[in-house]
Amino acid sequence: MNVSNPSLPNSLAQSHKDNNVNAVADTTAILQTKAWLEQIVIGLNFCPFAKKEFVNNTIHYVDSQQIKITSAIDELASQFEHLANNPQLETSLVIYSQGFTDFEHYLELLDYSQDLLEDMGFEGEFQLASFHPDYCFADQSVDDVTNFTNKSPWPTLHIIREQSMSKVLATYKQPEQIPLNNMSLARDKGYQFFAHCLASIKQKTANGSSDGQSRDQK
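### Quick word on helix α6 (residues 178-189)
1) Next: End to end, α6 covers 16 Å across 12 residues, agreeing with the expected 16 Å (1.5 Å per residue, within 8%).
2) Next: Along α6, the residues classified as buried are Ile178, Asn182, Met183 and Ala186. With its buried residues spanning 135° around the axis, α6 presents them on a single face.
3) Next: Buried-residue contacts for α6 involve α5 (162-170) and α7 (191-202).
4) Next: Following α6 by one or two positions, Gly190 adopts a phi angle in the positive range, close to 90°.

Okay, here's the thing in structure tokens:
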């Protein structure tokens, strides 16, 4: 498991780069996730609240090496505890760079993760958001462009502080319109726009290394 703080050069993160001189070097998966946040999530304003946390360096990134649900759940339990014990962190992104490339396998992990959150007593404190390269909403076809609102470079679980999100939503006009607005924007941009953007992001590597091969297992 690799953990680091955001430090994208020549980007939104440049404003706080100097505060991270002693940070562990980002892995390929983390760098690509940051590029996705910057170019799509923040760049297209899919999440109106993401830019603040990105620039303020309050996102905790985890490059998980887990490939089995049992070990991934054990690791996720530690990430719930880590976020609970570090109030200076606003949110966590657990990025699965080695496993869960199969969307159905990922959804199985998501179900177990939700059960874990409740079993550990974090329901009402944290909530989970899901992102995947092959994300598909239950009521959409696999090639529907609106799926790109939840497509990411790597399978990812997003741990969100529920109280913080509630406070932000209370100040946002018509927060229920955010998903609808995102879908409308996705349709305006078109399938090829997002496909090209994500493909370009996945070509980015850290320190000249190439992407590892996924090894999904049950």
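The structure having been displayed, the exposition proceeds.
### Some remarks on the side chain of Ser130
1) Next: By the secondary structure assignment, Ser130 is in strand β4 (residues 126-131).
2) Next: Take Ser130: its relative accessible area is 11%, and that puts it in the buried class.
3) Next: There is a polar contact of 3.5 Å between the side chain of Ser130 and the side chain of Tyr135.
4) Next: Filtering out sequence-adjacent residues up to four positions away, Ser130 remains in contact with Tyr106, Leu110, Tyr135, Asn150 and Thr156.

### A look at the confidence of the model for the protein chain
1) Next: Counting all residues, the mean pLDDT for the protein chain is 86, and 82% of those residues have values of 70 or more.
2) Next: Every residue in residues 13-22 scores below 50 in pLDDT, and together they form 15 contacts with partners more than four places removed in sequence or on other chains.

### As for the packing of aromatic side chains
1) Next: This model, assessed by the stated rule, comprises 12 aromatic pairs.
2) Next: Note on Phe148 and Phe194: the rings are 5.2 Å apart at their centroids and 15° apart in plane angle, and the pair reads as stacked. With Phe148 in the loop between β4 and β5 (156-161) and Phe194 in helix α7, the pair connects residues that are 46 residues apart, well separated along the chain. Each member of the pair, Phe148 as well as Phe194, carries the same accessibility label: buried.
3) Next: Through a chain of ring-to-ring contacts, the aromatic side chains of Phe46, Phe148, Tyr191, Phe193 and Phe194 assemble into a single cluster.
4) Next: Stacked on the ring of Phe148, the Lys or Arg Lys151 has its end atom at 4.5 Å from the ring centre.

About the cut-offs
Residues take numbers from 1 onward in each chain, read along the sequence in its written order. Local features in a predicted model are, by the rule used here, given only for residues with pLDDT of at least 70; side-chain atom pairs are given and counted only at 80 or more, and totals for whole chains, interfaces and linings are based on all residues. Note: side-chain values were computed over all heavy atoms of the structure, leaving out hydrogens and water. In DSSP terms, a helix is any run of H or I states spanning at least four residues, a strand is any run of E spanning at least two, and both are numbered starting from the N terminus. For a helix, the expected span equals 1.5 Å multiplied by the residue count minus one. Only protein chains enter the calculation, and the probe is 1.4 Å; a residue is then buried if its accessible area is under 20% of its type maximum, exposed if over 50%, and partly exposed in between. Working note: the arc is built from the helix axis to C-beta atom directions. The contact definition used throughout considers only heavy atoms, calling two residues in contact when any of these lie within 4.5 Å. What qualifies as a polar contact is a pair of N or O atoms within 3.5 Å, subject to a donor-acceptor requirement within protein and to the restriction that residues adjacent in sequence count only when both atoms come from side chains. pLDDT is a residue-level measure of predictor confidence that goes from 0 to 100. For Phe, Tyr and Trp, where Trp contributes only its six-membered ring, two rings pair if their centres lie within 6.5 Å, and the inter-plane angle classes them as stacked under 30 degrees, edge-to-face over 60, or tilted in between. Put simply, a charge is over a ring when the Lys NZ or the Arg CZ is close to the ring centre, within 6 Å, and near the line of the ring normal, within 35 degrees.

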